[in-house]
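# Breakdown of the fold
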Amino acid sequence: MNALVALCHFCELHGPRTLFCTEALHPPSPSPSSQAGAPVPGDRDGDREGEGLTMRANSSATQRGEMCEGCRSLPASHPGFVSIDDETGIRFLSHQHPRQPQLFSVVRQACVRSLSCEVNDDVCPGREGPIFFGDEQHGFVFSHTFFIKDSLARGFQRWYSIVMVAMDRIYLINSWPFLLRHLRLTIQSLQSTALKVFDSEQGVCPQRAVRMNSVFSPAVFPHQRSGNAARSLTSLTQHPNLWASLHSSFSWLLKACGSRLTEKLLEGAPTEDTLVLIERQTEQEEEMSCWEGAEGGGAKSQRHQSESDLGHDFLCDDAKLDELPGPKFRSLRHLRQVIGAAEFRQLVWHVLMGNQVIWRGADPGLIQSAFIVLKSLLPVGCVRSVPYSAQYEEAYKCNFLGLSPDVAVPAHVSSSEFSVVVDVIAKTGCQTAAITEDNISALYQFTISSANTQPTDRGPTLLNKLEVALSNENLSVDVVSHCLLCLKEEWMNKVKVLFKFSKVDGRGREDTQKVLALLGTTGPGEEDNVRLLKFWMTGLSKTYKSHLMTAVRGGERSPSQ
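Residues numbered from 1 in each chain as written. Predicted model: local features only at pLDDT ≥ 70, side-chain atom pairs only at ≥ 80, totals over all residues. Heavy atoms only, no water.

Taken in spatial order, the five strands line up as E9-E10-E8-E11-E12 in an open sheet, and their pairing is mixed. Unpaired on one side and paired on the other, strand E9 (385-389) and strand E12 (444-449) mark the two borders of the sheet. Along the sheet, successive strands turn relative to each other by an average axial angle of 15°, direction set aside. Note that strand E8 (residues 356-360) and strand E11 (residues 419-426) share five bridges and pair parallel. Across the sheet, Trp359 pairs through a bridge with Val422, a residue of E11. (Pairing = 2+ DSSP bridges. Helix = DSSP H or I, 4+ residues; strand = E, 2+ residues; numbered from the N terminus. Axes fitted to C-alpha atoms, helices over the stretch in contact; angles between N-to-C directions.)

Okay, structure coming up:
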């Protein structure tokens, strides 16, 4: 992460000052030798150059104004602290000031603003807490101000802040909860250590009584103030390895904050599946944070477990298919070969129409592999899956439901044309050890039952094209999967046109029929095509729907304006 962390202090004599700073230096050009851990030529020279810049920054700061003990962390002759990440080759350097003169002014301005004008009473009442500020020119700053107890200071406390400076505003805002949680741990550690020192000093010589009994004189006050100001953070905490500890904390924070969020290069606009996955992941993170802040650990753990299972169900399908034990379906073609072409078409027809698909059997791994294969037929937004359950779940909760063999399907479901039941029955008298995992037909018998009387051999068009690809043995499984992906994108584009035309614009039945003809959905299997489009319309992302509604409302307002 291209950021910088600094500890700042408000000195009673010299104002805001930077005490300690940690920055990350990325390697100029990765090479095999540097990744293998071999020394890179010029690294030592770079360290010396960085130390020289730091010492020059320290000397220039000293020339601008005298530094007391409270304004100084490391002496100018101290080489600073260096940590190297073996995985990435990034070096984390810590000293009182940044190694680059350009960063010195940026950190200096962030220090001054965090300890003077940038105060929000609503966010951090009492001037203690987190705040965000900055601009494109001087960078954006996440600042957390806090107080450290000092028996010799005015008000018995001194004012500090930890700032993180970065040029990426979005990245810094998205990292707010992470930064706040871990910076508070560092701040609480400093405050608790300083509080012990404060209590011990007050026990020996209570300063409140001394100040009340002392005679105030304008001539003596500057000398008292000057003496009280010269206390370093090391003396306030009595921590012998304070700066080394802060270097470790700040270095870990930069590394962890940079690795928790990654950027992906998207070629063109993101697909609907990508948008839906992002929305679901965001909803899960928000719900998890709400449960973390709520009371009641037992209910929270159960809810969190169920939500995480559902999230894992649609985020990690490819990885889970390889991890499932025992016999399993590996592709749509494999499933079609096992259950038969006619039964496969009937099953896939129900999947594409949005009907509830129920698998009932004693092998959860086999049922889950079937769902993973069948879910590839639908957009992510249309998938609601319960992989295996001990009781029946209604269709509005899931359109893929796995049941144990002793669970009875309700009569209103089994008699409904909007559901299909696949019973997985183990064959008796077969030797499991001698049968390979791919030979599922030798282990199980599959019975498909449904009350649907509508013929499934006409459409939809997507199913007809998919069966042509599956029946062509010259096409590999990967080619068929890419063919299915192209078909899904083609029909999702048709869904978007129909949604815009019928739902957003509110056109009539006759106009909608003309649009369906233009989309190529009329003719044989027209009824199935329309049902598919209406079902897939429910899988559109909230982002796309809100974007369309906003654009339409803006277009309606523009003529009046």
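Next up on the list: helix H15 (residues 364-375). One full turn of an α-helix is made of 3.6 residues, so residues set three or four places apart face in the same direction. Compared with the 16 Å implied by 1.5 Å per residue over twelve residues, the 16 Å span of H15 between its first and last C-alpha is a close match. Counting buried positions over the twelve residues of H15 gives eleven, a clear majority of the element. Of all the positions in H15, only Gly365, Leu366, Ile367, Gln368, Ser369, Ala370, Phe371, Ile372, Val373, Leu374 and Lys375 are classed as buried. With a side-chain oxygen positioned 3.2 Å from the backbone nitrogen of Gly365, the residue opening H15 is Asp363. (Expected span 1.5 Å × (residues − 1). Buried < 20%, exposed > 50% of the residue type's maximum accessible area, 1.4 Å probe, protein only. Polar contact = N/O pair within 3.5 Å; in protein donor to acceptor, adjacent residues only side chain to side chain.)

Residues Phe329, Leu352, Trp359, Leu374, Phe446 and Trp536 are the most contacted members of the largest nonpolar core, which totals 55 residues. The element that contributes the greatest number of residues to this core is helix H18 (residues 477-504), accounting for eight residues. The contacts of Leu374, once residues within four sequence positions are left out, are Leu332, Leu335, Leu347, Val348, Val351, Trp359 and Phe400. Counting 37 residues, the second-largest nonpolar core is a separate cluster that includes Met164, Leu183, Leu190 and Phe250. (Core = buried A, V, L, I, M, F, W, Y, C linked by side-chain atoms within 4.5 Å. Contact = heavy atoms within 4.5 Å.)

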